[in-house]
Structure formats: C-alpha cells, structure tokens
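The primary structure of each chain is shown beneath.
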Amino acid sequence: MAKETEIKLRVSRTTLAALREHPLLIARSEGGWQRHELFNQYYDTPARDLARARVALRLRRDGGQCIQTLKSRGQSVAGLSERNEWDWYLEAPVLDPALLDDQCWPAELAGLDKSTLLPIFSTDFVREKADLIWQRDGHRVAVEAALDLGKVVTGPREEEICELELELREGEPAALLELALTLAADLPLMPCDISKAERGYRLFDPASYTLVPPAPILDAELLLDEAFAPLAWHLLGCSQRLAEQYRFNGHWKLLEQWLAQLIDLRALLGSLGQAAPRAGSSALRGALDALIGDWRPQLVAGRDDEAVRQAAPARFAAELERPRWGLFSLQASRWLLTRAWTERRNAAGQRQGATPLGRWLTHLLADEARALSLPRCQQQPENLTEQLPRLERVLVWLRLARNVLEMPEPDRLYGELAKLGELAARPLDDDLREQRVAQARIVATLKPWKALLK
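Residues numbered from 1 in each chain as written. Predicted model: local features only at pLDDT ≥ 70, side-chain atom pairs only at ≥ 80, totals over all residues. Heavy atoms only, no water.

A. Main features of helix α14 (residues 388-401). In this model α14 runs 20 Å from its N-terminal to its C-terminal C-alpha over 14 residues, within 8% of the 20 Å that 1.5 Å per residue would give. What α14 keeps buried is the set Leu388, Leu391, Glu392, Arg393, Val394, Leu395, Val396, Trp397, Leu398, Leu400 and Ala401. (Helix = DSSP H or I, 4+ residues; strand = E, 2+ residues; numbered from the N terminus. Expected span 1.5 Å × (residues − 1). Buried < 20%, exposed > 50% of the residue type's maximum accessible area, 1.4 Å probe, protein only.)

B. Inspection of the pattern of salt bridges at higher detail. Scanning all chains against the criterion turns up 45 salt bridges. As a salt-bridge pair, Arg52 and Asp49 come within 3.1 Å of each other at their nearest N and O atoms. Remark: Asp49 and Arg52 occur in helix α3 (residues 49-52); sequence separation between them is 3 residues, near one turn of the helix. Here Arg247 ties to Glu244 by a salt bridge, and the two come within 3.0 Å at their closest N and O atoms. Taken together, the residues Arg247 and Glu244, both in helix α6 (residues 224-249) and 3 residues apart, mark about one turn of the helix. In this structure, a network of salt bridges that share partners links the residues Glu6, Lys8, Arg127, Asp148, Glu163, Glu165, Lys196 and Arg199. (Salt bridge = Lys/Arg side-chain N within 4 Å of Asp/Glu carboxyl O.)

C. A look at the nonpolar core. In this structure, Trp258, Phe328, Leu361, Trp397, Leu417 and Trp449 are the most contacted members of the largest nonpolar core, which totals 76 residues. Leave out the neighbours within four places in its chain, and Trp258 touches Ser239, Leu242, Ala243, Trp295, Phe316 and Trp325. (Core = buried A, V, L, I, M, F, W, Y, C linked by side-chain atoms within 4.5 Å. Contact = heavy atoms within 4.5 Å.)

D. Region of the structure containing the environment of Thr342. Topologically, Thr342 is positioned in the loop between α10 (324-337) and α11 (347-353). Spatially, the C-alpha atom of Thr342 lies 33 Å from that of Pro297, the residues being 45 residues apart in sequence. Every residue in contact with Thr342, bar those within four places of it in the chain, is listed here: Asp225 and Gln350. Within polar-contact distance, the side chain of Thr342 engages the backbone oxygen of Arg339 at 2.7 Å. (Polar contact = N/O pair within 3.5 Å; in protein donor to acceptor, adjacent residues only side chain to side chain.)

E. Inspection of the environment of Gly250 at higher detail. Looking at the secondary structure, you find Gly250 in the loop between α6 and α7 (252-270). The class for Gly250 is partly exposed, based on a relative accessible area of 25%. Spatially, the C-alpha atoms of Gly250 and Arg309 are 9.3 Å apart, while their sequence positions differ by 59 residues. Setting aside its immediate chain neighbours within four residues, Gly250 contacts Gln245 and Pro313.

F. Seen up close, the side chain of Glu165. Structurally, Glu165 can be placed in strand β9 (residues 157-170). Here Lys8 takes part through its side chain, which lies 2.5 Å from a polar atom of the side chain of Glu165. At 3.3 Å, the side chain of Glu165 and the side chain of Arg127 are in polar contact. Leave out the neighbours within four places in its chain, and Glu165 touches Glu6, Ile7, Lys8, Arg127, Glu144, Ala145, Ala146, Asp148 and Lys196.

Structure (structure tokens):
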C-alpha cells in the first residue's frame, strides 16, 4: 500500500498547452515531458457497491504493463487529496479478484461476491508527465506533474478529461499548494476534487455525485481553533464541488448553493475576531468579498428574472476562464493547511482560540443578538440591509454548530433567522418592508432569541 497525495486541477486545452511550456515546470523538470497512452477500465457491481464503500477498482494498460489498482476515497478538498492506493502488476489485462484480500478490501464489503464485478466505464487519455525536483527550506521536494487529455466514456455518453495533476513524491503537502499557487497566478487552474473515477460514476448515473458532504459534528468542549478548521475546510470543499457540478450541468440551484458556501465561509472568518487577526487574513477576506460582491447581485436578480438565470452558465464559464477562482481556492487551502489564522495574534487572540466552543459561541451569539437590535429593525426595516453581515455570522454558526448550544428550540431559531436573512438580502420595496417588520417581530418573540439576550 502507498499513500497518494495530489492536487487535481481542471484546465482548458489552451492552459494545458501553456503548462507544457511553463518556465517554472521546465526549470524544475528532470528529463522533460514523457508521453504515455493510458487505457483504464473501472469495475463495480451492478448495484455499485464499491462506489458506496468509497473505493475505486481499476485495470490500467500502460504500454506493455497491466496494473490493477484499488484506491480509497480518503480526504479531498479544494483539489488536494490524500488516499490509500494498492497496485498489482499483472501478466494479462484481466481483473484478478483474488488479489482483493483483507489487507486492502473494505470490511463493509466482506460479504460481496467478487464474481459480480463488471466493467462500468473507461477513462482513456494521453498523459505527459515530468518529474519536478527543487529545494524548499533546505529540504528536497519531488513532485510528478501530469498533463492529462482524453475522455471518460460509459455507453453512449462521454466527457472530456483535461487536467493537471501534481502528485507529491517527497516533501510536505504545502509544497504542492505553493507550486500550484505559482502556476495559478497567471493561468486559470480550477482545483477540483472529483477524481476520474467519480467523474465516470457521475456520467454513468448523474444522481451519484455527492454535492455537499455532511458537515463536521462538533463538541461543546472542542477548542475554537479546532472547531474552526474543519468547518472552514468543509465550506471550501463544498464550494469546490458545487462549482464543478454547476459547470457540468448549469442548474441554477447549484449556483445559489455555491454562493451560500462562500457567504458562510466569509461569515465564519469574520466571526473570529482577535482569534484571526486581519493582518493574517486580509487577503482571504478581500478575495471572498470580491467574489461575493460580484455574484450576489446576479443571484438576487436571477430570483425573478429568467434571462439572468439563462445567462448565468456562460458568466460562470467566463469566471472559470480567469485565474481568480482557482487562485482564491488554492490560497484558502494553503491558509488552512498552515493554520495561518493563528499567526501574529495577541494574547487575547490566543486565549480566544483556546476557548471551548460552547462557551465562546454562547458569548458570540449574545453579543451579535444585542448589536442586531431587532426592535430598531422593526422601526426602521431599511437598516436590516446593513445588519446582513451580522445576521450571516449568527446564521453560519447556528447552521453548523447549534448542537453545542444549551438553549430551547435552536432549530426554530435558525429557521426563522434564515428567513430574516433572506429578506435582508433582497432589494427593499414597500411589500418587503412589511415582510421585514413582521419577520423581525417573529424572531424577537422566540424563546431561544430571548435566551440569547439574557
């Protein structure tokens, strides 16, 4: 078994050609680009038991070599993935189920009849790969860069493969992100945690693609720093998956959900106060503000305008043709991987980061509830728009961590506040003014809201 750590980046054919001639890759390459034709057949049962167990079984033909591979799903976010991989070199291109023993085979599939494994889809592509070597902080880094161009095929359906893979062979995972960031500074590279196998399953059955994985389950005694990290990784990963699926099928709801992840991530970051000093997070905040600032008006307009919804896929495709989205995603990944929010913070920030989540969150929500001043919002509903960032800070924590709070009816509080937040995000007119007043009144009368204000 080997541990595979890689970044997968979706690119255009134009970008693929530019990468082939990129000065940094040429300078770090030992031996230049080597071309291989790879033919890959993936197997599963008719009921797709392997997919549900989060493993992929592949038979690859690479020149004269036949390789059987089993991969676990592992951890993957923003294109950076870690997973276990088992390889067997075979005499002939015929699947050998006997090799799938207890050393690698998932326990949940122990009772599976392996004779039911069948070809499901293929991924055939040309790979140009190069071994990159450089020094980072006095330590050797070795990375295999691969430019893949081909297609996924299942029955009559197919999808193009056009991507850059960077696989770590030696060194720290941060080195992969640093290399990708350098390349993404002037090239549109879209971090994409959907593997070729997952892409094949999606083509075989579009409903099989998991859009938003379950959020981390938090404990009230977990320290704030240790709660923030998995929540931020979760939101970033969800935004990547939603961006990929919206690019794939253009369904408006996915674009709304994509923006919602970015808004939640910005609110989560903004809620930390001294635990995430602006000096170390200003670039990330600025990138999020720019994306949200550009896309929120489009989503608001599209609620009532079919023409806006119809034009959105082309606008999003244009977004992906710019470096901005990929650069933000990679910067956020490096920021989280290196725990950069903990840097350059004062003693108060250190104490805050080491506070148990339940206690910190209770104080945060109480402070935000008092500052929101719902009585004033009822008298002057136009002011609710200015309170939207505060509402979003409350909502993100209630959505992701309300299980740690000791209060009555937290689910109801979240639901009613979400309605108020939706009204706050819409342009104000006479009808909306009345709705804001009515909804603010409802929230103000809730038991959990009153409990926050005590």
